[in-house]
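Residue-level listing of the chains:
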Amino acid sequence: MPDPATDLINRVREAAVFEGFKACTFGRTASHELIVLTRSGKPDGPHIYISTGIHGDEPAGPEAIFRLLKDSACLPRATWTIFPLLNPEGYNRNTRENADGLDLNRDYLHPTAIESIAHRAAIDKLGGVDLTLSLHEDWEATGFYLYELNSTGKEGIARAALRAAAGVGPIDLSETIDKHAAKNGVIRATDSTLDDRDDLPEQIYLYKHTTRLSYTFETPSGIDLETRVRMQVEACRGALGEFCRSYPG
Ligand SMILES: [Zn+2]
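Just so it is clear, the model here is predicted, and its values are computed rather than measured.

Parameters and conventions
- Residues numbered from 1 in each chain as written.
- Predicted model: local features only at pLDDT ≥ 70, side-chain atom pairs only at ≥ 80, totals over all residues.
- Buried ≥ 20, exposed ≤ 12 C-beta atoms within 10 Å, placed from the backbone.
- Helix = DSSP H or I, 4+ residues; strand = E, 2+ residues; numbered from the N terminus.
- Arc of directions from axis to C-beta.
- Contact = placed C-beta atoms within 7 Å.
- Pairing = 2+ DSSP bridges.
- Axes fitted to C-alpha atoms, helices over the stretch in contact; angles between N-to-C directions.

Asker: I would appreciate a short explanation of helix α4 (residues 114-124) in the present structure.
Answerer: Residues spaced three or four apart along an α-helix face the same direction, because each turn holds 3.6 residues. Burial in α4 covers these residues: E115, S116, H119 and I123. Along the axis of α4, the buried residues cluster in a sector spanning 85 degrees; they form a single face. Of the exposed residues in α4, the ones pointing more than 90 degrees away from its buried face are A121 and D124. Along its buried surface, α4 packs onto β1 (22-28), β2 (33-39), β4 (79-83) and α6 (202-209).

In structure tokens, the structure reads:
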């Protein structure tokens, strides 16, 4: 039996290649490859980035990526860049951090972990991306919620994601989530609050360098895994479908 991370990487890679993706290795931890899945779309289509598994104790995201690939949910018009498991050692240990105890999602300003050094180098080669999305989970949440960073001047895909997630499970309607003000399951950060952070998370690095539209989807770790996976899958399908439909061209 392969270990859980190897099993996931193998399943995701097989499903992706079947869907016409290229699967490349962009780095390596002590015992696993770090893989990225890419597929080109139409010249007038958007470039969409999805990442997950940066926290090893949040399994719904990587499993959702596998299902989205299996279900042919990556629309052909878009160009896709998908990082399906950024922290395989943590995934095997069921820990938030990597094998050295580092929280990779606080390591994008001056990366020190092999995972984030390799991942940031891969990000820096991408050029501009129209939408970035990372899939996470939260032990304290009572339902699905999301973070939005949006300087496009247009409405993003928060509403589409929440509507789709609400068809599967609860939305966290708290007015404060993770110490941030929240409204109807959405946390919107203003650009001024993103500066002066030494512990830079992946999505803030992306928003500062690579995209004008960034999302983090969070499912509540306290409910069963199958519901969380389905919430992530449906939120992605709803949001990505809406984004591709409304993208000009
Ligand atoms: Zn997380």
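Asker: Could you clarify how one ought to interpret the environment of T211 in this entry?
Answerer: Considering the arrangement of structural elements, one finds T211 in the loop between α6 and β10 (213-220). Through-space distance from the C-alpha of T211 to that of D130 is 5.8 Å; in sequence the pair is 81 residues apart. Here T211 is in contact with V129, D130, L131, T132 and L206, once residues within four sequence places are set aside.

Asker: Would you mind showing me how to read unusual backbone geometry here?
Answerer: Negative phi characterises most residues that are not glycine, and trans characterises most peptide bonds. A positive phi angle, close to 55 degrees, is found at N94, a residue other than glycine. Summarising the element assignment, N94 is placed in the loop between α3 (88-93) and α4. The exposure class of N94 is exposed, given the 11 C-beta atoms found within 10 Å. For N184, which is not glycine, the phi dihedral falls at a positive 50 degrees.

Asker: What am I meant to see in the sheet that holds strand β6 (residues 145-150) here?
Answerer: Within a sheet, each strand pairs with its neighbour through backbone hydrogen bonds, oriented either parallel or antiparallel. On the basis of which strands lie adjacent, the open sheet formed by 8 strands has the order β1-β2-β4-β3-β5-β10-β6-β9 and mixed pairing. The two strands at the open ends of the sheet, each matched to only one other strand, are β1 and β9 (186-188). When the angles between neighbouring strand axes are averaged without regard to direction, this sheet yields 20 degrees.

Asker: Would you take a moment to explain the pairing of β10 for this structure?
Answerer: One face of the sheet, then the other: side chains in a regular strand alternate in exactly this way. Summarising burial for β10: 8 of the 8 residues are buried, a large majority. Neither face of β10 is open: one carries L213, Y215, F217 and T219, the other S214, T216, E218 and P220, and all of them are buried. With 6 bridges connecting them, β6 and β10 associate as antiparallel partners. In the strand pairing of β10, L146 is matched with F217.

Asker: What exactly am I supposed to notice about helix α2 (residues 60-70) here?
Answerer: Most of α2 is tucked away: 9 of the 11 residues are buried. Within the sequence span of α2, burial applies to A60, G61, P62, E63, A64, I65, F66, L68 and L69. Directly after α2, the chain includes S72, whose backbone phi takes a positive value near 55 degrees.

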